[in-house]
Amino acid sequence: MPSLFNVFARKSISDRKSTILSGKNGGKKVMKLWKFALVLATGLTFMGTLAFAAERDVNIPRVPPDQLDAAKAMKNPLPATPDVVAKGKAVFEGKGTCFTCHGMSGKGDGDAGKALDPTPRDFTNAKFHELRTDGEMFWVIKNGSAGTGMIQYNPTMINDEEAWQSIHYIRSLKGK
Ligand code: HEC
């Protein structure tokens, strides 16, 4: 952020010089420019604070190493039919309350997720889908992801079947 600020600050200094050179109203224009620069800098600083929280590196599995093989081996017992995907969407946007953090879009931009660090996983990210098995997702829904806002949702909010359904729905968000 400081480097960006410098870029804008430098720009307004050069603008200021050219404004002074350009005529009698130069003084007023300079004031406007400095006010503009101040608003811009405040805005950028604010954006900087928001951008601070980020998603955790998708390359690192969420399941602890000693349980990873077993989790990966779990297969989704349900077929990815339109009916099952629709049921998963209903869980995601209803009973499971997943959308409050992961967003209706699945991009991790839900209202309740905005304050979380790490931020909720973006389910449209194709890389995420390549790296995770359904079994790993099931494990996370059942056990939570330690040290994050992703707590256990099965069996507290949803059952096994609904978890598998929601995973098929999450899969359908890939690349959207
Ligand atoms: C309170 C906010 C919140 C809610 C509600 C929530 N999640 Fe999450 N979820 C998170 C966060 C934060 C992460 C990122 C965790 C991490 O990076 O380890 C995450 C990550 C995940 C992951 C990916 C884990 C991985 O392997 O990277 C899955 C799958 C998931 N959530 C499924 C769900 C489902 C299904 C629901 C609804 C039943 C749900 N989440 C509800 C916050 C939430």
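Above this text sits the structure in question.
Structure report, in brief. This is a predicted model, so every value here is computed, not measured.

1. Details of the overall build of the chain
Next up, step 1: Counting secondary structure elements, the chain contains eight helices and zero strands.
Next up, step 2: The N-to-C order of helical and strand elements in the chain reads α-α-α-α-α-α-α-α.
Next up, step 3: Long-range contacts, defined as pairs at least 24 residues apart, comprise 64% of the intrachain contacts of the chain with a sequence gap of at least 6.

2. Quick look at the site of the ligand
Next up, step 1: The environment of the ligand is made up of 26 residues, and the closest members are G96, C98, C101, S145 and M150.
Next up, step 2: At the level of elements, α5 (99–102) and α7 (134–143) are the ones that each hand at least two residues to the shell around the ligand.
Next up, step 3: In terms of residue count, α7 provides more of the shell around the ligand than any other element does, four residues in total.
Next up, step 4: Taken together, the residues that form the shell around the ligand break down as 12 nonpolar, nine polar and five charged.

3. A word on the nonpolar core
Next up, step 1: Judged by nonpolar contacts, the single largest core of 22 residues is most densely connected at M137, F138, V140, I141, A163, I167 and I170.
Next up, step 2: Secondary-structure elements contributing two or more residues to this core are α4 (82–93), α7 and α8 (160–172).
Next up, step 3: Once residues within four sequence positions are removed from consideration, A163 is found in contact with F138, I141, K142, N154 and I158.

4. Details of the environment of I167
Next up, step 1: Inspection of the secondary structure assignment puts I167 in helix α8.
Next up, step 2: In contact with I167, other than residues within four places in its own chain, are N76, G88, D134, M137 and F138.

5. Focus on unusual backbone geometry
Excluding glycine, residues mostly have negative phi values, and the peptide bonds linking residues are mostly trans.
Next up, step 1: Residue D117 is joined to P118 through a cis peptide bond whose omega torsion reads 5°.
Next up, step 2: Here N154 and P155 are connected by a cis peptide whose omega angle stands at 15°.
Next up, step 3: Following the sequence through the fold, P155 ends up in the loop between α7 and α8.

The rules behind the values
- Residue positions within a chain follow its written sequence, with the count starting from 1.
- Totals for whole chains, interfaces and linings use every residue, but because this is a predicted model, local features are given only for residues with pLDDT of at least 70 and side-chain atom pairs only at 80 or more, for both listing and counting.
- Helix and strand definitions here come from DSSP, where helices need a minimum of 4 consecutive H or I residues and strands a minimum of 2 consecutive E residues; each element is numbered from the N-terminal end.
- Think of it this way: build a C-beta for each residue from its backbone, and any pair within 7 Å is a contact.
- Throughout this description, a residue near a molecule or strand is one whose C-beta atom, derived from the backbone, lies within 6 Å of it.
- Only Asp, Glu, Lys and Arg are considered charged, only Ala, Val, Leu, Ile, Met, Phe, Trp, Tyr, Cys and Pro nonpolar, and every remaining residue, Gly among them, polar.
- Nonpolar core, as used here: buried Ala, Val, Leu, Ile, Met, Phe, Trp, Tyr and Cys residues forming one set through C-beta atoms within 7 Å.
- Buried residues are those with 20 or more other C-beta atoms within 10 Å of their own C-beta, exposed residues have 12 or fewer, and partly exposed residues lie in between; C-beta atoms are placed from the backbone.

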